[in-house]
Amino acid sequence: MSVTATVEPVSTAREVAPASPVSTAYRRYALWLLLAIYVVNFLDRQVINILAEPIKNDLKLADWQVGLLSGFAFGLVYTVLGFPLARAADRYNRPMIIAACLTAWSAFTGVCGLAQNFAQMAAARAGVGIGEAGCTPTSHALIADYTPKEKRASALAFYSMGTPIGSLLGLALGGALADYFGWRVAFLLAAVPGVLLAVVCVLTLRETRTALDVQAARVAAAGASLKETIVYVMRKKAYVNFAFAAGIRAFIGYGQAPFIASFVYRTRHDELLALAASFGMKPQTFLGLALGVGGGVAGTLGAWLGGQIADRAGRKDLRVFGSMPAIAALVSVPFGVYIFLSATLAQGLVLLLIPTVLGSLWYGPVYASAQGMVPSHMRATSASIMLFIINFLGLVMGALSIGAVSDILNKGLHLGPAEGMRWALILSTLLGLVSVWLFWAARRDIRTDMES
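Residues numbered from 1 in each chain as written. Predicted model: local features only at pLDDT ≥ 70, side-chain atom pairs only at ≥ 80, totals over all residues. Heavy atoms only, no water.

A. Region of interest: the packing of helix α8 (residues 152-160) against helix α16 (residues 283-314). Between α8 and α16, whose axes approach to 7 Å, the crossing angle comes to 175°. In terms of axis orientation, α8 runs roughly antiparallel to α16. Contacts between α8 and α16 pair Arg152, Ala153, Ser154 and Ala157 from the former with Ala303, Gly307, Gln308, Ala310 and Asp311 from the latter. Among the residues forming the contact of α8 with α16, the class breakdown is 4 nonpolar, 3 polar and 2 charged. (Axes fitted to C-alpha atoms, helices over the stretch in contact; angles between N-to-C directions. Helix = DSSP H or I, 4+ residues; strand = E, 2+ residues; numbered from the N terminus. Parallel < 35°, antiparallel > 145°, perpendicular 65-115°, else oblique. Contact = heavy atoms within 4.5 Å. Nonpolar A, V, L, I, M, F, W, Y, C, P; charged D, E, K, R; others polar.)

Below you can see the structure in the form of structure tokens.
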């Protein structure tokens, strides 16, 4: 089938399936509820990062195995299942899909706390990925339908604040619970909020599309298959550049996250003990709070700023969607490198705030672009395609690659576990320069590629 033949029925489908309007008050409520769900999504996903070192010691794992548990085992099923779940979201009741996925990943988070070996933990982490795969593409599509075009970047940026907030809670609560009750209890308690939110989702979250059976039939008749949707978005240069630029940012962020605490334990152990004692805390509690609160506040600020700047400046020139994250990525590289060479632990924790703010500015403009470059009935699938690229590079490859490089530098080049980890983190930070070029390249085409 030719590309022209693919595109023509798409525009027809866009006209026959408009979104039902919602009130401003309900839109605000729905955004807060979806944000809460996404917070739990990242809490359950990221809690393993602060628990990595005790899990490694308890289950006798290598760094590459820690990377596989935190990234590959979760990320592979997460990215692959994102497609069929997004296709379902383009046809069926989206709140029900979100609630079912939320229940599934919460249950598997609890199972992580029962794992007795590497294989069991890997299987449980894969189960978390199965559930979480249906959350974000479906939520993006709902938000795009709830929200006027001129407010879409800030709305999606608001939703994306779930990343730093969830990470904050996962690190802070996970570290404290692990210190006092052990890492297994941390997983079990992390599973509880999701089950409660699933009930709220079913009872209150509204599907804006009417006559879903008619919607599904019309989408099918229009021929907007997964293959055709992929062809449609891959013709848009800005979409492709945004996806791979964000994927590299995710490689750095997701890849480094499981090893930051391990890096501190290996290189700044005595400083950590002293600094924690000065606040009257145990070391893991202090580190979880420091990384969680600092990263959560900075990441939330960055996501919010990115959405606000994109919506306001984007009204005059859409190219800011590319130039802003490009400049932010460039500035963050030297700070990111110096953090792992800093003189003291306290200095490193403070400096970490800068790349964290800059590293989350891209959420709103990139995700809004993915929604604005396609017709409304393709939005969940468009989000899933972009998230596949982002999460394959970030979740699947990030932590596994950095863990493997750490092991190679540690054992192969005999740098030792501390220096091996240090230079694996520094090398991954330098990849940010590639994302600078890709974000800037997306800037050139976004005005012609954006549809709605």
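Structure's up, so let's keep going.
B. Here's a closer look at empty space enclosed by the protein. Scanning the entire structure with this criterion turns up 7 cavities of 30 Å³ or more. Its boundaries defined by the atoms lining it, the largest cavity holds a volume of some 980 Å³. Lining the largest cavity we find 44 residues, and of these Ile252, Gly253, Tyr254, Ala257 and Thr356 sit closest to its centre. Among the elements of the structure, α2 (24-50), α9 (162-181), α14 (237-267), α16, α17 (320-339), α19 (353-359), α20 (363-372) and α21 (379-396) are those that each provide at least two residues to the lining of the largest cavity. For the lining of the largest cavity, the leading source of residues is α14, giving 9 residues. Residues that form the lining of the largest cavity fall into these classes: 24 nonpolar, 18 polar and 2 charged. Counting only elements with at least two residues in the lining of the second largest cavity, the list comes to α14 and α18 (345-351). Take the lining of the second largest cavity: its biggest share by element is 4 residues, from α14. The residue inventory of the lining of the second largest cavity, partitioned by class, reads 10 nonpolar, 4 polar and 2 charged. (1 Å grid on protein atoms, 1.4 Å probe; cavity = no way out; pocket = protein on both sides within 12 Å on 5 of 7 lines; lining within 4 Å. Points joined across faces, edges and corners; volume = space filled by probe spheres on them.)

C. Structural detail: the pattern of salt bridges. A full pass over the atoms with the stated rule returns 7 salt bridges. Taking the shortest distance from any N to any O, the salt bridge between arginine 184 and aspartate 58 comes out at 3.9 Å. Of this pair, arginine 184 sits in helix α10 (residues 183-190) while aspartate 58 sits in helix α3 (residues 52-59), and the two are 126 residues apart along the sequence. Exposure remark for aspartate 58: the relative accessible area of 39% places this residue in the partly exposed category. One salt bridge in this structure joins arginine 94 and aspartate 145, with 2.9 Å as the shortest N-O distance. One end of the pair, arginine 94, is in helix α5 (residues 94-112); the other, aspartate 145, is in helix α7 (residues 136-146), and 51 residues separate them in sequence. A residue is classified by how much of its surface remains accessible, and arginine 94, at 1% relative accessible area, is buried. Several salt bridges converge on common partners, so that one network encompasses Arg94, Asp145 and Glu207. (Salt bridge = Lys/Arg side-chain N within 4 Å of Asp/Glu carboxyl O. Buried < 20%, exposed > 50% of the residue type's maximum accessible area, 1.4 Å probe, protein only.)

D. Expanded view of the packing of aromatic side chains. Applying the stated criterion across every chain yields a total of 14 aromatic pairs. Here the aromatic residues Tyr38, Phe42, Tyr159 and Tyr254 are joined through ring pairs into a cluster of three or more. Across from the ring centre of tyrosine 26, 4.0 Å away, lies the NZ or CZ of arginine 206, which sits over that ring. When the ring centre of tryptophan 440 is taken as origin, the NZ or CZ atom of arginine 443, which lies over that ring, is 4.7 Å away. (Phe/Tyr/Trp six-rings, centres within 6.5 Å; stacked < 30°, edge-to-face > 60°. Lys NZ or Arg CZ within 6 Å of the ring centre and 35° of its normal.)

E. Region of the structure containing the layout of surface pockets. Looking at the largest pocket, its volume works out to about 290 Å³. Taken together, Thr24, Arg27, Arg28, Leu31, Trp32, Thr147, Lys151, Ser154, Ala155, Phe158, Trp304 and Gln308 make up the lining of the largest pocket. Broken down by secondary-structure element, the contributors of at least two residues to the lining of the largest pocket are α2, α8 and α16. With 5 residues, α2 is the largest single contributor of residues to the lining of the largest pocket. Space inside the second largest pocket adds up to approximately 200 Å³. Around the second largest pocket, the lining comprises 14 residues; the ones closest to its centre are Lys149, Glu150, Asp311, Leu318 and Phe321. Sorting the residues of the lining of the second largest pocket by element identifies α8, α16 and α20 as the ones contributing at least two each. Top element by residues in the lining of the second largest pocket is α16. It accounts for 3 residues. Taken together, the residues of the lining of the second largest pocket break down into 6 nonpolar, 3 polar and 5 charged.

F. Structural detail: the environment of isoleucine 389. Checked against the element boundaries, isoleucine 389 lands in helix α21. The sequence separation of isoleucine 389 and phenylalanine 263 amounts to 126 residues, and the corresponding C-alpha distance is 28 Å. Sequence-distant contacts of isoleucine 389, that is, excluding residues within four places in its chain, are made with Met234, Ala243, Phe244 and Gly247.

G. Examining the nonpolar core more closely. Membership of the largest hydrophobic core comes to 129 residues, with the highest contact counts inside it found for Ile37 and Leu205. For this core, the element with the highest residue contribution is α14, accounting for 17 residues. With residues near it in sequence (within four places) discarded, leucine 205 still touches Tyr26, Ala30, Leu33, Leu34, Pro95, Ile98, Leu142, Tyr146 and Val200. (Core = buried A, V, L, I, M, F, W, Y, C linked by side-chain atoms within 4.5 Å.)

H. Just a nonpolar patch on the surface, in detail. Residues Ile327, Leu330, Val331, Val405, Leu427, Leu430, Leu433 and Trp440 make up a contiguous nonpolar surface patch of roughly 680 Å² in combined accessible area. Breaking the nonpolar patch down by element, the ones donating at least two residues are α17, α23 (416-430) and α24 (432-449). Counting residues per element, the nonpolar patch draws most heavily on α17, at 3 residues. Of note, leucine 430 is situated in helix α23. By relative accessible area, leucine 430 is classed as partly exposed at 39%. (Patch = residues over 30% accessible without salt bridge, like charges linked within 9 Å, V, L, I, M, F, W, Y side chains within 5 Å. Areas by Shrake-Rupley, 256 points an atom, 1.4 Å probe, with all protein chains shown as cover.)

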